[in-house]
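In case you want the letters, here they are:
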Amino acid sequence: MPERQLDRDAVVAATQEAAALAFAAWRDGAVPDTKVWDKSKNNPVSDIDMAVDALLTTRLQAILPEAAWLSEETVDDPSRLDARLLWLVDPIDGTRDYVRGRSGWCVSVALVADGLPVFAVMAAPAQGKIWVAAHGEGVTCNGDRLACSIRANFAGSRVPADDLPKLDSDLVTVTKPNSIAMRMTMVACDRADLVATLRWGNEWDIAAAHLVAQEAGGVVTDALGRPIRYNKREPLDFGLICCAPGIHQAAVERLAGRAARLLSVT
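Below or above, wherever it landed, is the structure these notes cover. Please read all numbers here as calculations on a predicted model, not as lab measurements.

In this section: the sheet that holds strand β9 (residues 144-145). Pairing in this open sheet of seven strands is mixed, and the strands run β3-β4-β5-β6-β7-β8-β9 from one edge to the other. Edge positions in the sheet fall to β3 (68-71) and β9, since each has one partner strand and no second. In this structure, β3 lies alongside strand β4 (residues 85-93), joined through four bridges in parallel fashion. The residue of β4 that forms the bridge with L70 is L88. Across the sheet, helix α1 (residues 8-25) touches β4, β5 (106-113), β6 (116-124) and β7 (129-134), and the angle it forms with β6 is around 40°.

Right, here's the structure in full:
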């Protein structure tokens, strides 16, 4: 935790203010009241992403000015690598759901200390939910304390996915929000047992949800089962496993062959 006491209530309030800003332009089942464009193929961004980023930059840096900054919508400042503390932010995770009028998006804020998330707030206003997690102190959703899935058998595990390959036909699909962070909260809330990806992902996508899932008792690693640390020079990790602790090793083994093949061609 920071050398001086973090004003946690102020971080929660800032995240709620940012979420309210995004929610004001969101339209249920319709295009939001904002300009939308593609940063790259299948990677939309909107004026609201940028406005939320600007608001959080102002609010969070005022709360803890000694913390460096890394956000999806801000040009990276390499000086962050020398900082012990880092705000790691995704202004809107799940922008594709946001611009399509779906509810599977959130505002994601994490404070990282020495490479690990120590405080996190996630707000999903279209679903009326807010998660608050502190390292070693647990996590709540709308004030209720969470405990993750305790599943021990890999077969039958609930996975947020539209569909599954034949290799994973022994798993069970549940509703999948676009936001990877929101999928991770499903493990924390015991509405899913496993979230797994085999693509390179950005630190800002998962930092807050990492702490949320971890404080609920879940395990979070990269696709090879390795611990994830934050504030790297290249803020990327290969894949993700977020799951009940009793199925983590089985998940690593299930993904191993596919991960090896993908890494051999990158």
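In this section: helix α4 (residues 180-188). Since one α-helical turn is 3.6 residues long, residues separated by three or four positions face the same way. In terms of residue burial, α4 counts as a mostly covered element, since nine of its nine residues are buried. Turning to α4, its buried residues are I180, A181, M182, R183, M184, T185, M186, V187 and A188. D190 sits one or two residues past α4 and shows a positive phi near 60°.

With antiparallel pairing, the three strands of this open sheet are ordered in space as β12-β14-β13. The open sheet has two edge strands with one neighbour each: β12 (194-202) and β13 (219-221). Direction aside, the axes of adjacent strands within the sheet are offset by 15° on average. The sheet contact formed by β13 and strand β14 (residues 236-243) spans three bridges and is antiparallel. For V219, the partnering residue across the bridge sits in β14 and is C243. Contacting β12, β13 and β14, α4 runs over the sheet at an angle of about 150° to β12. Sheet contacts for helix α5 (residues 203-215): β12, β13 and β14; angle to β12, the most-contacted strand, approximately 150°.

Looking now at the environment of S169. With respect to the element layout, S169 can be found in the loop between β10 (158-160) and β11 (172-174). Residues S169 and G115, spaced 54 residues apart in sequence, show a C-alpha to C-alpha distance of 36 Å.

Here we come to α1. With 18 residues, α1 extends 27 Å from end C-alpha to end C-alpha; this agrees with the ideal 26 Å at 1.5 Å per step. For α1, the set of buried residues is V11, V12, A14, T15, A18, A19, A22 and A25. The arc enclosing the buried residues of α1, seen along the axis, measures out at 160°, which places them on a common side. The exposed set on the far side of α1, more than 90 degrees from its buried face, consists of D9 and A24. Tucked inside the fold, the buried residues of α1 contact α2 (47-63), β4, α3 (95-99), β5, β6 and β7.

Next up on the list: unusual backbone geometry. For N142, which is not glycine, the phi dihedral falls at a positive 55°. Structurally, the position occupied by N142 is in the loop between β8 (138-141) and β9. Residue D190 is not a glycine yet carries a positive backbone phi of 60°. For D190, the location among the structural elements is in the loop between α4 and β12.

What follows covers the packing of aromatic side chains. Under the defined criterion, the tally for this structure stands at four aromatic pairs. Centre to centre, the rings of F23 and W26 are 5.7 Å apart; their planes meet at 20°, and the pair counts as stacked. Judged by its relative accessible area of 36%, F23 falls in the partly exposed class. Judged by centre distance (4.8 Å) and plane angle (90°), the ring pair of Y98 and W105 falls under edge-to-face.

Turning to the pairing of strand β1 (residues 36-40), a few remarks are in order. Strand direction decides the pairing type here: β1 and strand β2 (residues 43-46), joined by four bridges, are antiparallel. Following the sheet pairing, V36 is matched in β2 by S46. Hairpin connection, β1 to β2: the antiparallel pair is bridged by two residues, and N42 has positive phi, about 60°.

Attention now goes to the pattern of salt bridges. Inspection of the entire model under this criterion finds 16 salt bridges. The partner of E17 in a salt bridge is R59, and the shortest N-O contact between them spans 2.8 Å. Of this pair, E17 sits in helix α1 while R59 sits in helix α2, and the two are 42 residues apart along the sequence. Note on R59: relative accessible area 35%, which makes it partly exposed. For K39, the salt bridge is made with E73, and the minimal N-O distance between the two is 3.3 Å. Here E73 lies in the loop between β3 and β4 and K39 lies in strand β1, a separation of 34 residues in the sequence. On the basis of relative accessible area, K39 is assigned to the partly exposed category, the value being 37%. Beyond isolated ion pairs, a larger network of salt bridges with shared partners links D168, D170, R254 and R258.

Cut-off values and rules
Residues numbered from 1 in each chain as written. Predicted model: local features only at pLDDT ≥ 70, side-chain atom pairs only at ≥ 80, totals over all residues. Heavy atoms only, no water. Pairing = 2+ DSSP bridges. Helix = DSSP H or I, 4+ residues; strand = E, 2+ residues; numbered from the N terminus. Contact = heavy atoms within 4.5 Å. Axes fitted to C-alpha atoms, helices over the stretch in contact; angles between N-to-C directions. Buried < 20%, exposed > 50% of the residue type's maximum accessible area, 1.4 Å probe, protein only. Expected span 1.5 Å × (residues − 1). Arc of directions from axis to C-beta. Phe/Tyr/Trp six-rings, centres within 6.5 Å; stacked < 30°, edge-to-face > 60°. Salt bridge = Lys/Arg side-chain N within 4 Å of Asp/Glu carboxyl O.

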